[in-house]
Amino acid sequence: MSLVRPGLSVSIVVYRSDEARLRATVASLARACRELQAGLGLPARLSVVDNAAAEAPLLAVPAERGAFDAVRYLPMAGNPGYGAGHNRAVGEDCGEFHLVLNPDVEIDPQALCVGIRYLRQHPEVAGVVPEGRDEDGAALYL
C-alpha cells in the first residue's frame, strides 16, 4: 500500500527510450519543479521506471537531482507495459498530486504551478490534461 505524502510525485516509464530525449524531458521537468517549489512551496519526487532494464538498462537516471527531493530508478525485469510501470511507481510513492509523464515531453516551466493551482481551486476535479503542441506549434490532441 502506498503512502500519500505532501507534494508532487512524477513517474516516467521508459522502454528502450532515447536517452538524449529523456534528458531533455527531465531537464524541462526540473525547471518546472523548481518553479513549483518557489511558487507553491511543493517538493517534487521523480521515479523513472525502466521496462527494458533486463535488456539494456539505463546507466543512470538522467536527472538534475537538485530540483527533486528524491530521484528513484526502478528497473523492471520485463516489460509489463506502460500502465503497469506507472502503477509500480505510484504504489511505492505517491504525492498529494501525481504526474504521469511520457519520456519525450517537454514541460513549460509554469505548467505544474498552473495545474496544481487549478486542482486546489476545484476540488471536484480529479485530473487535468495539458495543451500539447508539436515542434511547429500545431495542436496535439491528447
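Report on the accompanying structure. Nothing here was measured: the structure is a model prediction, and the numbers come from that model. (Residues numbered from 1 in each chain as written. Predicted model: local features only at pLDDT ≥ 70, side-chain atom pairs only at ≥ 80, totals over all residues. Heavy atoms only, no water.)

This part takes up the overall build of the protein. A count of helical and extended segments in the protein gives three helices and six strands. Its helices and strands taken in sequence order, the protein reads β-α-β-β-α-β-α-β-β from the N to the C terminus. Taking the principal axes of its C-alpha atoms as reference, the protein extends roughly 45 × 40 × 30 Å. Restricting the contact set of the protein to residue pairs at least 6 apart, pairs at least 24 apart contribute 71%. Carbon and sulfur atoms provide 55% of the accessible area of the protein, an area that totals close to 8,000 Å². (Helix = DSSP H or I, 4+ residues; strand = E, 2+ residues; numbered from the N terminus. Contact = heavy atoms within 4.5 Å. Areas by Shrake-Rupley, 256 points an atom, 1.4 Å probe, with all protein chains shown as cover.)

Because the α-helix completes a turn every 3.6 residues, residues three or four places apart line up on one side. All of the buried residues along helix 3 (residues 111-121) are L112, C113, G115, I116 and L119. Down the axis of helix 3, the smallest arc covering the buried residues is 170 degrees, so these residues share one side. Residues of helix 3 that are exposed and point over 90 degrees away from its buried face: V114 and Q121. (Buried < 20%, exposed > 50% of the residue type's maximum accessible area, 1.4 Å probe, protein only. Arc of directions from axis to C-beta.)

What is shown is where atoms sit, not what they do.
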